[in-house]
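# Architecture at a glance
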Amino acid sequence: MGNTLKNKKILVTGGKGYLGSFLVESLREKGADIYIISIEAENSDHNFPIDITNFDALDAVIKKIQPDIVYHLAASISRNRDFGIFDNMLKVNVNGTFNLLKSLLETNCQQFIFTSSSEIYGNNVSPFHEDLVPMPVSPYSATKVMAENLIKTFSQQYKKNYTILRLFNFFGENMSDDFFISQMVNSLKKGQDFLMTKGEQTRDFLYVKDVVSALTIVAENTNAYNDTFNVCSGKGTSLSSLASVVNKQVKTRATVKLGALPYRENEVWEMIGSSVKIKEKLGFIPEHTLSEGLERLINSK
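Residues numbered from 1 in each chain as written. Predicted model: local features only at pLDDT ≥ 70, side-chain atom pairs only at ≥ 80, totals over all residues. Heavy atoms only, no water.

## So, the sheet that holds strand β6 (residues 162-167)
Paired through backbone hydrogen bonds, the strands of a sheet run either parallel or antiparallel to each other. Stated precisely, the cut-off is as follows: Strands were regarded as paired on the criterion that DSSP finds at least two bridges between them. Starting at the N terminus, helices and strands are each numbered in turn, a helix being any DSSP run of H or I of at least four residues and a strand any DSSP run of E of at least two. Only heavy atoms matter for contacts: two residues are in contact if any of them lie within 4.5 Å across the pair. Fitting a line to C-alpha atoms yields each axis, with helices limited to the stretch in contact; the angle taken between N-to-C directions then spans 0 to 180 degrees.
Pairing is parallel in the open sheet, where seven strands are placed in the order β3-β2-β1-β4-β5-β6-β11. In this open sheet, the two edge strands, each paired with only one partner strand, are β3 (47-48) and β11 (227-231). Where strand β5 (residues 111-117) lies against β6, six bridges are found, and the strand directions are parallel. Bridged to Thr 115 within β6 is Leu 165. Running over the sheet, helix α2 (residues 55-65) touches β1 (9-13), β2 (33-37) and β3 and is turned about 175° from β2. Its contacts with the sheet put helix α4 (residues 139-157) on β5, β6 and β11, and the angle it makes with β5 is roughly 160°.

## Some words on the side chain of Thr 97
Looking at where Thr 97 falls in the secondary structure, it is placed in helix α3 (residues 86-103). Ignoring anything within four residues of it in the chain, the contact list for Thr 97 reads His 72, Val 92, Phe 112, Phe 114, Ala 147, Leu 150 and Ile 151.

## Some points on unusual backbone geometry
Selection criterion: Each residue is assigned to one of three classes by its accessible area relative to the maximum for its type, calculated with a 1.4 Å probe on protein chains only: buried under 20%, partly exposed between the two thresholds, exposed over 50%.
Here the amide bond leading from Ser 126 into Pro 127 is cis, since omega sits at 5°, within 30 degrees of zero. For Pro 127, the location among the structural elements is in the loop between β5 and α4. A positive phi angle, near 55°, is found at Gln 66, a position not held by glycine. Topologically, Gln 66 is positioned in the loop between α2 and β4 (69-72). Note on Gln 66: relative accessible area 31%, which makes it partly exposed. Even without being a glycine, Lys 159 presents a positive backbone phi close to 55°. For Lys 159, the location among the structural elements is in the loop between α4 and β6. Take Lys 159: its relative accessible area is 74%, and that puts it in the exposed class.

## Structural notes on the pairing of β2
Our working definition: By convention, orient the strands away from the viewer: a clockwise path from the first strand over the helix to the second makes the crossover right-handed.
By the criterion of burial, β2 is predominantly enclosed, with four of the five residues buried. As paired elements, β1 and β2 share five bridges and run parallel to each other. Looking at β2, one finds that Thr 13 is bridged to Ile 37. With respect to chirality, the unit in which β1 leads through helix α1 (residues 18-29) into the neighbouring parallel β2 is right-handed. Where β2 and β3 come together, two bridges link them in parallel fashion. Paired with Ile 36 across the strands is Asn 47, a residue of β3.

## As for helix α5 (residues 180-189)
Of all ten residues in α5, seven are buried; the element is thus mostly enclosed. Those residues of α5 that sit buried are Ile 181, Ser 182, Met 184, Val 185, Asn 186, Ser 187 and Leu 188. The secondary structure elements touched by the buried residues of α5 are β7 (169-171), β8 (194-195), β10 (205-207), α7 (239-249), β13 (256-257) and α9 (290-300). Phi turns positive, to about 80°, at Gly 191, one or two residues after α5.

## Remarks on empty space enclosed by the protein
How we decide: Cavities and pockets were defined on a 1 Å grid built from protein atoms only: a cavity is a group of points that admits a 1.4 Å probe but offers it no way out, a pocket is an open group of points flanked by protein on both sides within 12 Å along at least five of seven lines, and a lining residue is one with an atom within 4 Å of any such point. Grid points are joined across faces, edges and corners, and a volume is the space filled by probe spheres set on the points. All amino acids are sorted into three groups, where Ala, Val, Leu, Ile, Met, Phe, Trp, Tyr, Cys and Pro are nonpolar, Asp, Glu, Lys and Arg are charged, and the leftover types, Gly among them, are polar.
Counted according to the given criterion, the structure contains one cavity of 30 Å³ or more. Listing elements by their share of the lining of the largest cavity, those giving two or more residues are β5 and α4. Of the residues belonging to the lining of the largest cavity, the class tally is six nonpolar, three polar and one charged.

Here's what the structure looks like:
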């Protein structure tokens, strides 16, 4: 397949975030004409510090850009189970998405690509496949399900192309210290023991540049139109074995103390995705092993 993204006008909402930054870099390397909407952006010809909950401001920018493809990554993210945060989650993740869809109606946008979350599967039995009925476990995952349904219904109504991507746990270099793996690496590098649970929970980890590869493949392949895909490795890794790999790769006398902390209430024990659909329909296969990705993360700290 040739490079179909060269000179395409591509808008990335949330393009200043962790994943967004990697995506923007990859799209630029493919010769795309990139525009960013992010509340963290500095105003310029291609960067717009717009809040997606402000329809008028968003609509004006969309009319100016006239994008060919939109990646919608902007979101309010929280693992908090407290529904006190629901109003804000609804405003950003659902109403913000609706504003974007509405503003694109009078453009010739070819594809709307939405990053959803593996959290929408909740307490389903893994490996999770795309046909499972979502069982959200938090305000965040509830709003992601609502946004997914909104995108499907709206796009069918107005005959627009969409793709929904359910991202599983990803990691990579320069990762924020808000994430578990970064916290572990930082603690060990400082020579401080890292306290965690017994680590019997199993998760599906993917290196960030493999996630970006999946995101770009979706924009280059019409087989992705009007469908939903998991973006995952298809392999489960227990947090204890992840900790073991990190502990070996970080040269330190500090250790990971398994079992030092209790498990969370309502712990989800197994979150593994099925990667069959994205592999068979779009040809996506991750290129990096868990160990390779972790080494890159550790070396960036």
